Amino acid sequence: MIPQEFEYSAPKSLDEAITLLGRGAKPLAGGMSLIPMMKLRLAVPDHLADLGRIKDLSYIREHSGSLLIGATTTHYAVESSALVRSKCPLLAETAANIGDVQVRNRGTIGGSVAHADPSADYPAALQALEAQIVARGSKGERAIPIDSFLADTFTTALEPGEIIREVIVPIDGAGVGVCYQKVAQKASGFAVVGIAVRIQRGGEKLSMVRVGVTGLSNRAYRATHTERALEGRTGTPAEIEAAANLVAQGVDANSDIHASAPYRTHLAKIHAARALAKALARAE
Amino acid sequence: MATITKPETLLGKRIRRREDPRLITGTATYVDDIKMPGMYYAAILRSPHAAANIRSLNVQPALARKGVLTVFTGKDTEHAGSVPCGAALPGLRVPHHHLLALDRVYFVGHPLAVVVATDRYIARDAAELIEVDYDVLSAVADPEKALAAGAPAVHPQWPDNTAFTFHQEGGEVDKAFAEADVIVKQRITSQRLIPMAMETRGVVADWRAAERALTLYTSTQAPHLVRTLVAQVLGLEDNRLRVVAPEVGGGFGSKIDTYAEEILMAFVAMKIRKPVKWIGSRREDFLCTIHGRGHVDYYELAARRDGEITAIKLKIIQDLGAFLSLLTPAIPTLSVLMMPGLYRTKNIRADVVGAFTNCMATDAYRGAGRPEATHGIERMVDILAAELKMDPAEVRLKNFIHNEEFPFPTATGLVYDSGDYAAPLRKAMDMVDYGKFRQEQARARQEGKLLGIGMSTYGEICAFGPSPATPAGGWESSQVKVEPSGKVTVATGISPHGQGEETTFAQITADELGIGLDDVIVVHGDTSLVPYGIGTFGSRSTAVGGTALYFALQELKTKLKKWGVTLLESEDVTLADGRCTCNKSGKSVSFQEIAFAAYRAMKVPAGAEPGLVSTYFWEPPNFTFPFGAHIVVTEIDRDTGEVFIRRYVAIDDCGKILNPLIVDGQVHGGVAQGIGQALWEQAVYDDNGQLITGELMDYAVAKAPMMPWIESGHTVTPSPVNPLGVKGVGEAGTIGASPAVVNSVVDALSHLGVRHIDMPLTPEKIWNLVSAGGGK
Ligand SMILES: Cc1cc2nc3c(=O)[nH]c(=O)nc-3n(C[C@H](O)[C@H](O)[C@H](O)COP(=O)(O)OP(=O)(O)OC[C@H]3O[C@@H](n4cnc5c(N)ncnc54)[C@H](O)[C@@H]3O)c2cc1C
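What comes next concerns the included structure. All values derive from a computational prediction rather than experimental measurement.

Quick word on the overall build of chain A
Move 1: Along chain A, the regular secondary structure elements total twelve helices and 14 strands.
Move 2: For a compact globule of 284 residues, the expected C-alpha radius of gyration is about 19 Å, and chain A comes in at 19 Å, within 12% of that figure.
Move 3: Projected onto its principal axes, the C-alpha positions of chain A cover 60 × 45 × 30 Å.
Move 4: Looking at chain A residue by residue over its 284 residues, the buried ones come to 54%.
Move 5: Roughly 11,800 Å² of accessible area belongs to chain A as shown, and the carbon and sulfur atoms make up 50% of that amount.
Move 6: Each charge class in chain A can be summarised by its mean position, and for the 31 positive and 29 negative side chains these summaries are 2 Å apart.

The following block contains the structure:
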């Protein structure tokens, strides 16, 4: 690949990285999205700050009912972590569905959410998990709810000079069933649609339903119509189907050579139903 | 142990490829691994528009960039000749194909200027500094639209966008159609594909002015052809041009052509008097390496009620692209040759229209014309079977050429060498348990499941080919050199790039000479090392190149025997198992002793000369015609339209099998590309001529996890065309696969009234059909 000329720095600390960002540097994490853009010269950064040498930015920790995941934690580390698998299986299942093994070995959770590709997998799961994105800039740190973080296609709530430090996801108790269901685009592996579901059963009734959708529109979103249609119900097949049919309610669906808007919408409904049924079965 | 056993033959054994260790350890030398002292790097500025006049071109900003040596534009290469098209057809319009665009660009990727700099990064950056003022014109990217009235003219001098028309006819077509019980018609497309060799194209040119000698290292399938053509275009003497194909990372036909960049780098090196390197990016390879297929076919089949096909009509609209690459216009004529498939009908009519479009040229891609023809006829047979409510296997068995009819002259002018067409079909049907599957399918349908089975019984033309039938000679050369030590070097005119002939040719040699496999090396791909050769394409390497080797070895054995006679002082000798033995005394000399004696030359046999070398150029009397049957079982997710291949059975008859491991590998790779065409791959140009599947993120080639398990088997019908009995297997898998997959999917949907689906069978297309309750 022959990108345009650029300067390269490898900061050793987050503070150093933030200083570099203040001078206009662009963060480089796994490079799995940034490098292909540079190859095509769609991205032409003058200066890259490689986050890979920053100590303690790649970690998975448990902390008062949540999992804290460092920004440079690779997809593979998430997929294979015993902690994530037991405490937040939805995230592990989603990570395992990203691209191929080479991509998962390099790509990072921070890079994925910062890139905000409308077909990326993580955002669906993070929506269903109501995750928080912790960003740090020269003025300090703030936690941004994922729904406001994902502003639009390739656009986030990050301010210039801010860096993602951590992703926070909740640890679910017993009785929660999860599922990530995806239709992969055959060439890239990205989601034509991806549905992340998190369901809790409280006795007979479904006490919590969270559905994150990616690939369908300009950004990953929560299918609140589906959630509301199921919460408080028992989750019969008919209820699931009816709720799944609301998954694209009010959404302007994408259309490209890989799937037209009507077909994408249809796939979202089918896979929402399948993911809901699977998650429900796992919640039992 | 006193028993004497004849050493086992190496031919027929699953011997591992000797090529592989260097490939899998990353120690092979590709073009990009070649570095020359003082070498410069070239980057090419390419058109972002499919059609535009160039108002002005300012190279000054690029020249001003530090590290840039020079920039060449169309004006510099204006008189350097035309990128060659080697195919000839009556009335063919061949546009002059300048190395660099002169005042107009014709497709996205069309080269405009070449920047030469001290490194490849500077060269690329500088190329982007060149200022071009385009007057953008309307383009046409679809062959049928190009032929419609009022379409933008790709070449202003030919407003009908027609490069040629071609007609071929045999038998009594009109009569057969008039008398037919049934006529079935279908429009069938074979979409544009990207050949996608793993290694992109690349060239290093090294000009030694003092010697007037040019060496061109290039990723090609046909180094001698490149030498002849580059020498011709640039007006160089061919004996001063050396072309080397180092390790070549795949070609699939796309590297038969001599490309603008090969000539351009030779031109640049001669101008700057320094070595220069150009390596195409993946994007450049997408845009500027030939594409495959690009057919719109209109078929009509006439038949009797009992299933006998009585005539075939075919109209082919071939998307040529903007320029004619080496074989571009010849490819659809191969489809015409192959249009009757394995069936007996002698009544055929074909009309081809070659349409210019503002796209990259199409040319030979694995199968080259035969996959299109096979896809067409195999789909039509299924459509006929559906029309007659007959089983598709039955229709095929009814129409196959019978075994006793070989050699069989076809209505298209070929003579099929040999065959037993029912054998692979029966074998494949047994393997899938066809009868039982039909019962299972009926049950599955009642449960609402979509299960299908499809077959293709393909034939192909291989071993290109008798010289009169080819544009550049169809023979092949081989040279066997025995060194004084008794080690053997085989030089072959073919140019393998993944096919494994370094292994199979060593097997042939070791068997013929009775020596060990490791005593033989096989060299190729360097015009200064091997006699003139034609190259590797059209499944010809073993059938033609291997045969040339076989005959060189026979000549060598005659020489060996002469030396044996002299050394053993007896006329009554036998040459076998690596020794020459006197039949009377039992005394013998080894192959190594003969080799040494031939170079030591103390006593030269009468009628012989010192040394042990023999060279043979072999002209094949005919093509070969491999065949086979592929059967595919598919299941369709009716909610999403996704296709799952449940079973893939491939029975191929490629004549004698020299190395089953390599044959299986060729079939697997071919099937992967055939399934790729059937289900996933498509080169999509939009109406403005932009290639919107120009990245691997959008163009879906088959990857290992997407592949089904392939159950492969063989029948063996030796070819009478060559003494090895081999036919060729490089393209078989690709040719057999796509119709089998499509037939299977159409079968799964047939009860919904679906008759045909064009490739690729995207889930969305299928879902649309299923949700509409079927086809028309
Ligand atoms: C072949 C292939 C297939 C793929 N398939 C999938 C798939 O199926 N599903 C999927 O979801 N993704 C897929 N991806 C994308 C992959 O997951 C990327 O790894 C991910 O999108 C970006 O992560 P990264 O660490 O590689 O980020 P980079 O490419 O390094 O960076 C991406 C962007 O994020 C910014 N950035 C990175 N880290 C931070 C940070 N900590 N703070 C602020 N900004 C930051 C960068 O500046 C850049 O703008 C695929 C990629 C490839 C190459």
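Moving on from the model shown.
Some thoughts on the interface of chain A and chain B
Move 1: Taken together, the contact pairs 24 residues of chain A with 26 residues of chain B.
Move 2: A buried area of about 2,000 Å², summed over both sides, lies between chain A and chain B, and 54% of it is on carbon and sulfur atoms.
Move 3: Contact with chain B buries surface across chain A, with K186(A), I257(A) and Y263(A) losing the most and accounting together for 31% of the total.
Move 4: Counting the contacts that link chain A with chain B gives seven salt bridges.
Move 5: The salt bridge partner of R65(B) is E5(A), with a shortest N-O separation of 3.4 Å.
Move 6: Taken together, the links from chain A to chain B amount to 15 residue pairs in polar contact (both at pLDDT 80 or more).
Move 7: Per-element accounting of the side of chain A that touches chain B gives the leading share, seven residues, to helix 12 (residues 261–283) of chain A.
Move 8: Here the residues of the side of chain A that touches chain B sort into twelve nonpolar, seven polar and five charged.

Considering the packing of helix 12 (residues 392–399) of chain B against helix 13 (residues 422–432) of chain B
Residues and elements named next belong to chain B.
Move 1: Running from N to C, helix 12 and helix 13 point in directions that differ by 160°, and their axes come no closer than 10 Å. When the interaxial angle is binned, helix 12 and helix 13 end up roughly antiparallel. Judged by the sense of rotation from one axis to the other, the crossing of helix 12 with helix 13 is left-handed. Where helix 12 approaches helix 13, its residues A393, R396 and L397 are matched on the opposing element by A422, L425, R426 and M429.
Move 2: Across the contact of helix 12 with helix 13, the residue classes break down as five nonpolar, no polar and two charged.

What to know about the site of the ligand
Move 1: Near the ligand there are 31 residues, and of these P27(A), G31(A), L34(A), T108(A) and D121(A) occur at the shortest range.
Move 2: One chain alone does not account for the residues near the ligand; they come from chains A and B.
Move 3: Within the side chain of H75(A), one N or O atom sits 2.9 Å away from an oxygen atom of the ligand.
Move 4: G189(A) places a main-chain nitrogen or oxygen 2.7 Å from an oxygen atom of the ligand.
Move 5: Contact with the protein chains removes 93% of the 960 Å² of surface that the ligand exposes when unbound.
Move 6: Listing elements by their share of the shell around the ligand, those giving two or more residues are strand 2 (26–28), helix 7 (109–115) and strand 10 (163–170) of chain A.
Move 7: Here the shell around the ligand gets four residues from one element, more than from any other, and that element is helix 7 of chain A.
Move 8: Along the lines of polarity and charge, the residues of the shell around the ligand split into 16 nonpolar, twelve polar and three charged.

Each value, and the rule that gives it
Residues numbered from 1 in each chain as written. Chains lettered and ligands numbered in written order. Predicted model: local features only at pLDDT ≥ 70, side-chain atom pairs only at ≥ 80, totals over all residues. Heavy atoms only, no water. Helix = DSSP H or I, 4+ residues; strand = E, 2+ residues; numbered from the N terminus. Rg over C-alpha atoms; globule rule 2.2 N^0.38 Å. Buried < 20%, exposed > 50% of the residue type's maximum accessible area, 1.4 Å probe, protein only. Areas by Shrake-Rupley, 256 points an atom, 1.4 Å probe, with all protein chains shown as cover. Lys, Arg positive; Asp, Glu negative; His and termini not counted. Charge placed at Lys NZ, Arg CZ, Asp CG, Glu CD. Contact = heavy atoms within 4.5 Å. Buried area = accessible area lost by both parts, 1.4 Å probe. Salt bridge = Lys/Arg side-chain N within 4 Å of Asp/Glu carboxyl O. Polar contact = N/O pair within 3.5 Å; in protein donor to acceptor, adjacent residues only side chain to side chain. Nonpolar A, V, L, I, M, F, W, Y, C, P; charged D, E, K, R; others polar. Axes fitted to C-alpha atoms, helices over the stretch in contact; angles between N-to-C directions. Parallel < 35°, antiparallel > 145°, perpendicular 65-115°, else oblique. Left-handed = near helix turned anticlockwise from the far one by under 90°. Near = heavy atom within 4 Å.

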